[in-house]
Amino acid sequence: MCGIFACHSHPDVAKFKPTALKLAKAVRHRGPDWSGSVISNNTILCHERLSIVGVESGAQPLTNADESIVLAVNGEIYNHRLIRKHLKNPYHFKTTSDCEVIIPLYMEYGLDAPKYLDGMFSFVLYDKKLDRTIAARDPIGITTFYQGSSSSEPGSAYFASELKCLHPVCDKIEAFPPGHVYDSSTGERTRYFDPTWWDEKKIPQTPLDLKVLRESLEKSVRKRLMAEVPYGVLLSGGLDSSLVASIAQRETLRLKALAEAANGNEVQQEDLDKGEGLVGIDDDNNISTMTFLPQLNSFSIGLPGSPDNIAAQEVAKFLGTKHHVMTFTIDDGLNALSDVIYHLETYDVTTIRASTPMYLLSRKIKAMGIKMVLSGEGSDEIFGGYLYFHGAPNKEEFHEECVKRVKNLHLADCLRANKSTSAWGLEARVPFLDKEFLEVAMNIDPKEKMITKERIEKYILRKAFDTSDDPSAQPYLPDKILWRQKEQFSDGVGYGWIDALKDNAELHVTDEMMKNPKPEWGTDIPDTKEAYWYRCMFDEHFPPSCASTVMRWTPKWSKQTDPSGRAIAIHNDKYENAA
């Protein structure tokens, strides 16, 4: 991940520059490798870089030949090689960065440029000749991105990767909506992402094809191995991360075999402007990458004896990854809470519970020299994997809830995965949220996703990777992992973690405090002492204007007040006939 801060049309940009650099520095944790800034007319773009692709030449902001277009990007463009190859007009690239393709795309397609990108991204592009700024965010909101304004500077528009850059200079801040593009010429944001599954009332009827489902996820994982730095996988031992790890390990071993067959002979780079010789996916969906470690590294975290660590070790042994187990103590987690909330920029209970172990693990991973990891976010939203989906009354409501969950991922699990890892300059990639994979998975008749006495949650995903009926096939996972019931991450790291959070909230928040919430909270009143405690810590870091960007994660079809998966009555029921 990288960090962006930009301001379009500042009334005194030269005087504002020291402030802009200071605000950009607030997200240097996202991009510790290099800092850059460009002023053009009255607009300034600042960038804090984490180098993963185009390591030697991809410093930002990027510019075109005559420097009339300036670009700052946070993210990865997985189809950059294909874009280079298929541009309508010749374009000479200054770098090998995957993100530079946004400039010629803008030159050819204007506001439609984001439609052609396959990846996760937030970007701000300034066109000097037109005095025009456009900004865009990836379709699902995997990368965090905010837009702000100041009543004292009505003609200015601010953009940043995190809230902490904006609240010192903006009195209005909102999460930039995923799948949208902003145009300073009109001051409007329009939605460019229009998939077939977007309308939750339109119930899909496509028959289930397990082979297509499996192959599309495999392709998605393959894309995300695009790197010039060491990478790894987050492995909780649950279904989603284990499948991603399994596919990544297969591809890593295949690439290793190819490298050994080449016997160290480098392929001559032919035409970088056409994407030849660069890392990434080619026309045949084959990945070219650079791995600097002899084994795929996998990582898990939990309290001593946690369900996730035990399951993760079993998966790692089965796959043959080099596994690293991290145990943390209750005190480790509690001591990190304020920092976690500062980096997350939320007070949502579920997000904070799950983010704290991920935040601690990310620090350890970065210390090992790993700069990118694959993660399993998004699967539960796509397939209705949360335990509360047992309560869905029919396929229509089941599907509607799945679509709504995917649309809100940028305020929940995507925010958690992005900010927990970026806090330490680590990048998380999420294969389940690939555009092509979503087209396949979200268009399956939802009756196939429904949970029944015979079908455990995410049954079709499990079945797609079940090779038990083919003795000649290499299994993806052990059966006990493939058919393991869902544990929400904050539960899986050890049940004592949530209990400790509740107990400590009791020490910090009195009954009297609960009866007298702060007036500035308005109608957004915490309903538990734990939620109250987190809101108070949030307020120590951020003004009330930032609260409007927060969404609380709550389950549907359930009367529980605790969002933990363990609190769902169905938890630990046995599915003897699930397979």
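Residues numbered from 1 in each chain as written. Predicted model: local features only at pLDDT ≥ 70, side-chain atom pairs only at ≥ 80, totals over all residues. Heavy atoms only, no water.

(A) Representation of the sheet that holds strand β5 (residues 69–77). Strand order in the open sheet formed by 6 strands is β4-β5-β6-β7-β11-β12, with antiparallel pairing between adjacent strands. Two strands close off the open sheet at either side, each with one partner strand: β4 (62–63) and β12 (188–191). One ladder, built from 2 bridges, connects β4 with β5; its direction is antiparallel. Looking at the pairing, L62 lines up with L71 of β5. Along the sheet face, helix α3 (residues 102–109) touches β4, β5, β6 (119–127) and β7 (132–137) and points at about 115° away from the line of β5. (Pairing = 2+ DSSP bridges. Helix = DSSP H or I, 4+ residues; strand = E, 2+ residues; numbered from the N terminus. Contact = heavy atoms within 4.5 Å. Axes fitted to C-alpha atoms, helices over the stretch in contact; angles between N-to-C directions.)

(B) Highlighting the nonpolar core. Formed by 89 residues in total, the largest nonpolar core has its most connected members in L117, F123, I140, W197, I382, F383 and F465. Examining the composition of this core, we find that 7 residues originate from one element, helix α6 (residues 239–262), more than from any other. Filtering out sequence-adjacent residues up to four positions away, W197 remains in contact with I140, V403, V406, L438, E439, M442 and N443. By size, the runner-up hydrophobic cluster in this structure holds 62 residues, among which are F5, V13, Y359 and M537. (Core = buried A, V, L, I, M, F, W, Y, C linked by side-chain atoms within 4.5 Å. Buried < 20%, exposed > 50% of the residue type's maximum accessible area, 1.4 Å probe, protein only.)

(C) Main features of the environment of L501. Turning to its location among the elements, L501 is positioned in helix α17 (residues 495–508). Each C-alpha atom of the pair L501 and L337 lies 9.8 Å from the other, and the pair is 164 residues apart in sequence. Look past the residues within four positions of L501 in its chain and what remains in contact with it is L334, L337, R353, E530, W533 and Y534.

(D) How the structure looks around the UniProt feature "binding site: L-glutamine" (unreviewed entry) in the protein chain. The feature "binding site: L-glutamine" (unreviewed entry), as given by UniProt, occupies D98 in the numbering adopted here. Here D98 is to be found in the loop between α2 (80–86) and α3. Once residues within four sequence positions are removed from consideration, D98 is found in contact with V53, G75, E76, I77, H80 and M226. Here the side chain of D98 touches I77 through a polar contact of 2.8 Å, landing on its backbone nitrogen. (UniProt positions renumbered as here; feature names shortened; annotations may be inferred. Polar contact = N/O pair within 3.5 Å; in protein donor to acceptor, adjacent residues only side chain to side chain.)

(E) Highlighting the sheet that holds strand β2 (residues 34–40). On the basis of which strands lie adjacent, the open sheet formed by 6 strands has the order β2-β3-β1-β9-β8-β10 and antiparallel pairing. The open sheet is flanked by β2 and β10 (172–175), the only strands paired with a single partner. Averaged over all pairs of adjacent strands, the angle between their axes in this sheet comes to 15°, without regard to strand direction.

(F) Local environment of the side chain of D413. With respect to the helices, strands and loops of the structure, D413 is situated in helix α12 (residues 413–422). Residue classification places D413 among the buried positions, given a relative accessible area of 14%. For D413, the side chain forms a polar contact with the side chain of Y386, separated by 3.3 Å. Within the local environment of D413, its side chain forms a polar contact with the side chain of R416, the two groups lying 3.3 Å apart. Residues within four places of D413 in sequence aside, it is in contact with E377, E381 and Y386.

(G) Structural view of helix α7 (residues 307–319). Here α7 spans 19 Å end to end across 13 residues, near enough to the 18 Å set by a 1.5 Å rise per residue. Count one or two residues on from α7 and you reach G320, which has phi positive near 90°. (Expected span 1.5 Å × (residues − 1).)

(H) Region of the structure containing the pairing of strand β8 (residues 146–150). The element β8 is extensively covered by neighbouring structure, given that 4 of its 5 residues are classed as buried. Pairing between β8 and β10: 4 bridges, direction antiparallel. Among the inter-strand pairings, Q147 is bridged to a residue of β10, identified as E174. If you look at the hairpin formed by β8 and strand β9 (residues 153–160), you'll find 2 residues sitting between the two strands.

(I) A look at helix α5 (residues 210–223). Between its terminal C-alpha atoms α5 stretches 20 Å, which fits the 20 Å expected from 14 residues at 1.5 Å a residue. When α5 is considered as a whole, its buried residues turn out to be L213, S216, L217, E218, K219, S220, V221, R222 and K223. Two or three places before K211, at the opening of α5, D209 has a side-chain oxygen 3.1 Å from that residue's backbone nitrogen.

(J) Layout of the pattern of salt bridges. Scanning the entire structure with this criterion turns up 42 salt bridges. Linking D112 and K115 is a salt bridge whose minimum nitrogen-to-oxygen distance equals 3.4 Å. Assessed through its relative accessible area of 36%, D112 is described here as partly exposed. The exposure class assigned to K115 is partly exposed, which follows from its relative accessible area of 44%. Residues E174 and R189 are paired through a salt bridge, measuring 3.4 Å at the closest nitrogen-oxygen approach. One end of the pair, E174, is in strand β10; the other, R189, is in strand β12, and 15 residues separate them in sequence. Judged by relative accessible area, R189 falls into the partly exposed class, the value being 26%. (Salt bridge = Lys/Arg side-chain N within 4 Å of Asp/Glu carboxyl O.)

(K) The arrangement of the side chain of T467 in detail. By the element assignment, T467 lies in the loop between α14 (459–464) and α15 (479–482). Since its relative accessible area comes to 17%, T467 is described here as buried. Each residue touching T467, except ones within four places of it in the same chain, is listed here: A473, Q474, P475 and Y476.

(L) The arrangement of the UniProt feature "domain: Glutamine amidotransferase type-2" (unreviewed entry) in the protein chain in detail. Under the feature "domain: Glutamine amidotransferase type-2" (unreviewed entry), the UniProt entry names residues 2–187. Between the C-alpha atoms that bound residues 2–187 the distance is 25 Å, and the span itself is 17% helix and 36% strand.

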